[in-house]
Amino acid sequence: MTHLVLIDALNLIRRLYAVQERPYLPLPEQVTDGTRQQIISNTQNMLLQALQRLRSELAPSHALLVFDGRDSQWRQQRCPAYKANRKPMPTILAEALPVLEQAAQQQGFRCFVDNTLEADDVIASIASKLSQHQQQVTIVSTDKGFLPLLSQGINIFDPFARQQLDVAYVEHKFGVAPAQLVRLWSLTGDSTNNIPGVNGVGPKTALELMALGDTLTEALAHPDCPKKIRDKIISHKDAIINYMQVLSLQTTLELGLNLQELRLPEQEK
């Protein structure tokens, strides 16, 4: 049976790189050329070790590292605050990405980037398509934005905690099912993506509201919905809809990828 592992490449690489860069903060740009090369070399070694560990632990038949496109802006156009709080990629790492991609591909891991697309949407589209065909898919990432896909039977693996994230994990951590996460974050805000949410609506209020109906429309129509909350949500209706669209992953992109091209080579015994 096919088991495709989709790796959120920069989510993995940036954390591996940060371990190497940390001793030289706060001025990594002042490191010598020799030290710069050592940081890159160490990051490459850690990446290859991480990829081999994923092969061993997840036993995939196919794999793909997906990188973010630099020119994807549709979310920022809908919500200018989106990811505005993110630090830019360190210069050393940005310059090293082609080397890291090449090293991964030499180990049999195909890499993909489309400069007009976010990696999250690429991964979600591939995962959804294969899941609909009853194929096993595992997304490797610590990005909570993938958690709503658990409702489609897609697996998610945290490579640093070495943990499979499941529906029970989501319900314990957030108090809702995976399919309700986008609605929750649209109300409470999502600091990871710099989405403000509705001022004055925290997790407790949002969960109480969401318990009143399967949709916000149903919840607002419920007789137990407090008038103050109803008025607040109605006055922010357009913003909430916009946040939900921004936080929802695209799952129908046509990418032209051939599954056979993603098959991992047999490992030498």
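Look a little higher up for the structure.
Figured I'd write up the structure that's included with this text.

### A short note on the overall build of the protein chain
When helices and strands are tallied, the protein chain shows 11 helices and 6 strands. The globule rule puts the C-alpha radius of gyration for 269 residues at 18 Å, and the 20 Å found for the protein chain is close to it. Based on the C-alpha atoms only, the size of the protein chain along its principal axes is roughly 65 × 50 × 30 Å. Burial analysis of the protein chain (269 residues in total) assigns 46% to the buried set. Sequence-distant contacts in the protein chain: of pairs separated by 6 or more residues, those separated by 24 or more amount to 73%. If you sum the accessible surface of the protein chain, you get close to 14100 Å²; carbon and sulfur atoms cover 49% of it.

### A short note on the packing of aromatic side chains
One pass over the structure, following the stated rule, counts 1 aromatic pair. An angle of 80° between the planes, with centres 5.8 Å apart, marks the rings of F174 and W185 as edge-to-face. Remark: W185 occurs in helix α7 (residues 181–188) and F174 occurs in helix α6 (residues 167–174); sequence separation between them is 11 residues. A single burial state applies to F174 and to W185, both of which are buried. Sitting above the plane of the F160 ring, R15 keeps its charged end 4.0 Å from the centroid.

### Regarding unusual backbone geometry
The backbone phi angle of Q134 is positive, close to 60°, even though this residue is not glycine. Of note, Q134 is situated in the loop between α5 (119–132) and β4 (136–140). Although it is not a glycine, R162 sits at a positive phi angle of roughly 55°. Structurally, the position occupied by R162 is in the loop between β5 (155–158) and β6 (163–165).

### Looking at the packing of helix α1 (residues 9–21) against helix α2 (residues 33–58)
At a closest axis distance of 9 Å, the pairing of α1 and α2 adopts a crossing angle of 135°. What the angle tells us is that α1 and α2 run oblique. Classified by chirality, the crossing of α2 by α1 is right-handed. The segment α1 lies against α2, with L12, I13, L16, Y17 and Q20 engaging I39, N42, T43, M46, L47, A50 and L51. Residues belonging to the contact of α1 with α2 are distributed by class as follows: 9 nonpolar, 3 polar and no charged.

### Notes on the pattern of salt bridges
One pass over the structure, following the stated rule, counts 9 salt bridges. Here E57 and R162 are joined by a salt bridge, their closest N and O atoms 2.5 Å apart. Here the residue E57 occupies a position in helix α2, and R162 occupies one in the loop between β5 and β6, the gap between them amounting to 105 residues. For R162, a relative accessible area of 45% puts it in the partly exposed group.

### Here we look at the sheet that holds β6
Read from one edge of the open sheet, 6 strands run β3-β2-β1-β4-β5-β6, paired in mixed fashion. At either end of the open sheet lies a strand with only one pairing partner, and these are β3 (110–113) and β6. In this sheet, adjacent strand axes meet at a mean angle of 30° when their direction is disregarded. Pairing of strand β1 (residues 3–8) with β4, which is carried by 5 bridges, proceeds in the parallel orientation. Across the sheet, residue H3 finds its bridge partner in β4, namely Q136.

### As for the pairing of β1
Of all 6 residues in β1, 6 are buried; the element is thus mostly enclosed. Because side chains alternate across β1, one face comprises the buried residues H3, V5 and I7, and the other comprises L4, L6 and D8, equally buried. As paired strands, β1 and strand β2 (residues 62–67) are joined by 5 bridges and run parallel to one another. Counted as the bridge partner of L4 is H62 from β2.

### Topic: the side chain of S131
Inspection of the secondary structure puts S131 in helix α5. Ignoring anything within four residues of it in the chain, the contact list for S131 reads V137, Q152, G153 and I154.

### Brief notes about the packing of α1 against helix α4 (residues 91–106)
Their axes nearest at 12 Å, the elements α1 and α4 cross at an angle of 120°. Judged by the angle between their axes, α1 and α4 are oblique. The element α1 and its partner α4 pack so that their crossing is right-handed. Seen from α1, the contacting residues are L10, I13, R14 and Y17; seen from α4, they are I92, L93, L97 and L100.

How each quantity is defined
Residues numbered from 1 in each chain as written. Predicted model: local features only at pLDDT ≥ 70, side-chain atom pairs only at ≥ 80, totals over all residues. Heavy atoms only, no water. Helix = DSSP H or I, 4+ residues; strand = E, 2+ residues; numbered from the N terminus. Rg over C-alpha atoms; globule rule 2.2 N^0.38 Å. Buried < 20%, exposed > 50% of the residue type's maximum accessible area, 1.4 Å probe, protein only. Contact = heavy atoms within 4.5 Å. Areas by Shrake-Rupley, 256 points an atom, 1.4 Å probe, with all protein chains shown as cover. Phe/Tyr/Trp six-rings, centres within 6.5 Å; stacked < 30°, edge-to-face > 60°. Lys NZ or Arg CZ within 6 Å of the ring centre and 35° of its normal. Axes fitted to C-alpha atoms, helices over the stretch in contact; angles between N-to-C directions. Parallel < 35°, antiparallel > 145°, perpendicular 65-115°, else oblique. Left-handed = near helix turned anticlockwise from the far one by under 90°. Nonpolar A, V, L, I, M, F, W, Y, C, P; charged D, E, K, R; others polar. Salt bridge = Lys/Arg side-chain N within 4 Å of Asp/Glu carboxyl O. Pairing = 2+ DSSP bridges.

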